[in-house]
Amino acid sequence: MTSSPALSTTQHPTMHTQVDGLSYRPERISVIAALSHIRSARKSPKNVDAVNVYAFTSRDGIPLHVVYIHHTPGRWHGVKDVIDVCEIPTAALTDL
């Protein structure tokens, strides 16, 4: 693991959720939880219509993998549109 201060403070993945246009506070999650969520979304084509993974570099110069998950309408009762975005530091993936 590197001792870079920028990397050590952003080592955990962050989940951003938007429901019907309302954004919720970002939530820190574990790498295992992020990977499990992505794996589950990929195995649920009936409930998820898009799982896209992008490689980026953050504004701080930290390599990231950003995962966009769009859930299908009707997945949850009374909710029309749900989007999850996971920001996963690449170093967190390679530290596994």
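Residues numbered from 1 in each chain as written. Predicted model: local features only at pLDDT ≥ 70, side-chain atom pairs only at ≥ 80, totals over all residues. Heavy atoms only, no water.

Notes on the environment of Val85
1) Next: Secondary-structure assignment places Val85 in strand S6 (residues 82–89).
2) Next: According to the relative accessible area criterion, Val85 is partly exposed, its value standing at 22%.
3) Next: Sequence separation between Val85 and Val66 is 19 residues; the distance between their C-alpha atoms is 6.8 Å.
4) Next: Ignoring any residue separated from it by four or fewer positions in sequence, one finds Val85 in contact with Thr14, Met15, His16, Val66, Val67 and Tyr68. (Helix = DSSP H or I, 4+ residues; strand = E, 2+ residues; numbered from the N terminus. Buried < 20%, exposed > 50% of the residue type's maximum accessible area, 1.4 Å probe, protein only. Contact = heavy atoms within 4.5 Å.)

As for the side chain of Thr72
1) Next: Relative to the helices and strands, Thr72 is located in the loop between strand S5 (63–71) and S6.
2) Next: Here the side chain of Thr72 touches Lys46 through a polar contact of 3.3 Å, landing on its backbone oxygen.
3) Next: Ignoring sequence-local partners within four residues, the contact set of Thr72 consists of Lys46, Asn47, Val48 and Asp49. (Polar contact = N/O pair within 3.5 Å; in protein donor to acceptor, adjacent residues only side chain to side chain.)

Observations concerning helix H2 (residues 31–42)
1) Next: Between the first and last C-alpha of H2 there are 17 Å, a value that for 12 residues agrees with the 16 Å anticipated at 1.5 Å per step.
2) Next: Listed in full, the buried residues belonging to H2 are Val31, Ala34, Ile38 and Ala41. Viewed end-on, H2 has its buried residues packed into an arc of 100 degrees, placing them on one side of the element.
3) Next: Considering only its buried residues, H2 is in contact with strand S4 (48–57), S5, S6 and helix H3 (90–94). (Expected span 1.5 Å × (residues − 1). Arc of directions from axis to C-beta.)

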